[in-house]
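# Architecture and fold: a report
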Amino acid sequence: MTTLVICVDRSGDVGRATSVPMPVSGWEAVRSLVTEVGLADPEDASVNCLLEALRVARDLRDDREEAVVGVVSGSHDSRVGADRSIAAQLDELVDRFDPDTAIVVVDSAEDERVLPIVESRLAVDSVDRVVVRQAHDLESSYYLLKQFLADEELRSTVLVPLGIGLLVLPSLLLWFSTEIAFAGVTALIGAALLYKGLAIDEHLASIPDRVREALYAGQVSIVTYVVAAGLTLVGLFLGALSVSEIAENRPLVVRSMQLVYAAVPWLAVAALTAATGRLLDEIIRDEGIRSHVLNLPFLAVAVGLVVRGFAGYFLEQESVLGPLVVADVVVSPTQRLALFILAGIVVSLFGVAVASDVESDRIEDVIEHEEDDRGRET
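Remember, predicted model here, so these are calculated numbers, not experimental data. (Residues numbered from 1 in each chain as written. Predicted model: local features only at pLDDT ≥ 70, side-chain atom pairs only at ≥ 80, totals over all residues. Heavy atoms only, no water.)

Bringing helix α3 (residues 46–62) into the picture now. Along its 17 residues, α3 runs 24 Å from first to last C-alpha, staying within 8% of the 24 Å computed at 1.5 Å per residue. All of the buried residues along α3 are Ser-46, Val-47, Cys-49, Leu-50, Glu-52, Ala-53, Leu-54, Val-56, Ala-57 and Leu-60. Where α3 is buried, its residues meet β1 (2–9), α1 (13–18), α2 (27–40), β3 (66–73), β4 (101–106) and β5 (123–129). Looking one or two residues beyond α3, the residue adopting positive phi is Arg-64, at roughly 60°. (Helix = DSSP H or I, 4+ residues; strand = E, 2+ residues; numbered from the N terminus. Expected span 1.5 Å × (residues − 1). Buried < 20%, exposed > 50% of the residue type's maximum accessible area, 1.4 Å probe, protein only. Contact = heavy atoms within 4.5 Å.)

Written as structure tokens, this is what we have:
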């Protein structure tokens, strides 16, 4: 099998710099051409392209493959004329060497556009793009941008939000101040990127199928999820009501902490309800309880305690919340925070211990079952 290693020069710089008739083929002829091009213009990137073609041909020969190196160059001012001259030169090389496959060596995106011409005549095994080290950043950026624009998913993820933001920006500038307009556009673009980056669209698309499977399978979690959603709404509602009781001159951070402080118990109960539903599904399936599922209820309670502790600490520092009294002893804000953090850690460790015990019991059951099977076989 013969491989034609073809160096493509669509712009015709090689032919103009050396006045050598094209195409050029053969190891010695191409090596002499490198010297001629280098002497004519040492800064020409075509020198690197020619050397790369020689290197590829040498490597193929070292692997005991028959390789022929050749150079084609556009010999016309117009692009159509240059492409036709390259096509004619390729036909001449194909008639002369009758190659089976080709490896195309290029040094620019302009030369790479000739690839369909080569593919119409030979099976192309590889395209070797030569990037000059001094221009590496510029060339690589161009090719990355070219690949980015060719990727439909990336275009819809980045270009569509940017386009919508640019369309909305003039309207916002007419109705609002410059700060509000740019803040709104930035928030819109950020939300769109997070929507795609976190694969929220895929999760939303899979919700109907998962709900249908849960209903058909009779899973308890579908009911607990609905209850958890209701508890979440209750928590947010009560949190919003508690915020309305705070004076409006309070900073936004304080009002946010009040919302968190009032809503966290309900949100923790909602998470506990949802986690309990998953745990019940594991028990009903009778396939063994996975440790991370068993640990979820304890984790929900622990996170709720820690978050409420931090929110209460900030509110007590601002005198929005009264001091905590335990057995007629007034607890300072720092001690209050430490108590909640300690309670969260204890609950979390207890959940880990319970999950570990269940996991070890499962392992022992599996070992005993395997030993029983071996005893029956013997």
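This part takes up the sheet that holds strand β2 (residues 24–25). Backbone-to-backbone hydrogen bonds join strands into a sheet, with any given pair of strands oriented parallel or antiparallel. Read across the open sheet, the five strands follow the order β2-β3-β1-β4-β5; overall the sheet is mixed. Every other strand in the sheet has two partners, leaving β2 and β5 as the edge strands with one partner each. When β4 meets β5, the two strands line up parallel, connected through six bridges. Paired with Ala-102 across the strands is Val-124, a residue of β5. (Pairing = 2+ DSSP bridges.)

For the rest of this paragraph, the subject is the packing of α2 against α3. Where α2 contacts α3, the axes come no closer than 9 Å and their chain directions differ by 160°. Classed by the angle they form, the pair α2 and α3 counts as roughly antiparallel. Here the hand of the crossing between α2 and α3 comes out left-handed. Contacts between α2 and α3 involve Trp-27, Val-30, Arg-31, Leu-33, Val-34, Val-37 and Gly-38 from the former and Val-47, Leu-50, Leu-51, Leu-54, Ala-57, Arg-58 and Arg-61 from the latter. Among the residues making up the contact of α2 with α3, the classes are represented as 10 nonpolar, one polar and three charged. (Axes fitted to C-alpha atoms, helices over the stretch in contact; angles between N-to-C directions. Parallel < 35°, antiparallel > 145°, perpendicular 65-115°, else oblique. Left-handed = near helix turned anticlockwise from the far one by under 90°. Nonpolar A, V, L, I, M, F, W, Y, C, P; charged D, E, K, R; others polar.)

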